[in-house]
Amino acid sequence: MAIALLNGCSSLPPWLAADGPAQRTSAEANAHEAAQQKLHTAVQAAQPGQSRLGTARRALESLLADDSAEARALHPYARALLEQVRERQRLTTTNERLNRELEQRERGSDEGERELGELRRQNAELQRKLDALTEIERRLSPPSPSRPLTPQ
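Residues numbered from 1 in each chain as written. Predicted model: local features only at pLDDT ≥ 70, side-chain atom pairs only at ≥ 80, totals over all residues. Heavy atoms only, no water.

Would you explain the overall build of the protein in this entry?
Helix and strand counts for the protein stand at 4 helices and 0 strands. Starting at the N terminus and walking to the C terminus, you meet the elements of the protein as α-α-α-α. Counting the 152 residues in the protein, one finds 12% classified as buried. Pairs at least 24 residues apart make up 54% of the contacts formed inside the protein by residues separated by at least 6 positions. By element, 55% of the accessible surface of the protein is carried by carbon and sulfur atoms, the whole surface being about 12500 Å². (Helix = DSSP H or I, 4+ residues; strand = E, 2+ residues; numbered from the N terminus. Buried < 20%, exposed > 50% of the residue type's maximum accessible area, 1.4 Å probe, protein only. Contact = heavy atoms within 4.5 Å. Areas by Shrake-Rupley, 256 points an atom, 1.4 Å probe, with all protein chains shown as cover.)

I tried to follow a nonpolar patch on the surface on my own but got confused; where do I start?
A grouping of Leu133, Ile136 and Leu140 is seen on the molecular surface, where their side chains present a nonpolar patch of about 330 Å² in accessible area. The residue Ile136 is located in helix 4 (residues 69-140) in this model. (Patch = residues over 30% accessible without salt bridge, like charges linked within 9 Å, V, L, I, M, F, W, Y side chains within 5 Å. Salt bridge = Lys/Arg side-chain N within 4 Å of Asp/Glu carboxyl O.)

When you look at the side chain of Glu70 in this model, what are you seeing that I'm missing?
Inspection of the secondary structure puts Glu70 in helix 4. By relative accessible area, Glu70 is classed as buried at 14%. Look past the residues within four positions of Glu70 in its chain and what remains in contact with it is Glu28, Ala31, His32 and Ala35.

What's the story with the side chain of His75 in this structure? I'm lost.
Within the fold, His75 resides in helix 4. Relative accessible area serves as the criterion here: at 10%, His75 is assigned to the buried category. For His75, the residues in contact, after removing those within four places along its chain, are Leu63, Leu64 and Asp66.

What follows is the structure, encoded as structure tokens:
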């Protein structure tokens, strides 16, 4: 049974095998660590609530530009995350633009309401003057006779 267990250890992946011919060199390990660090940086920067989408995008683009075998192994994850980051950046830009438009419309609405209030005040003032003139004209008019006056 112990022999069967030892035989099973010989089929470990090369990076887990302690002394196999396919043992990773320190350069490969460093390249793998660097690629994972870029992905980790991008994931951390892309967390919701973080305003570091540009940092995430640069890290992912750097990882995708790396053509080493270690980096290529992470390319599918980097592409998927980069697509999400780009979409979030697009939505953030759209949201900011819509907020600016809304603020402008609210300011315009406030100005329009003030102008409308001023116009209503002027209208009421002119109506009072018109009513006063009508009253003056009514007082100045001679009373109309019930019978027409005949010339003598």
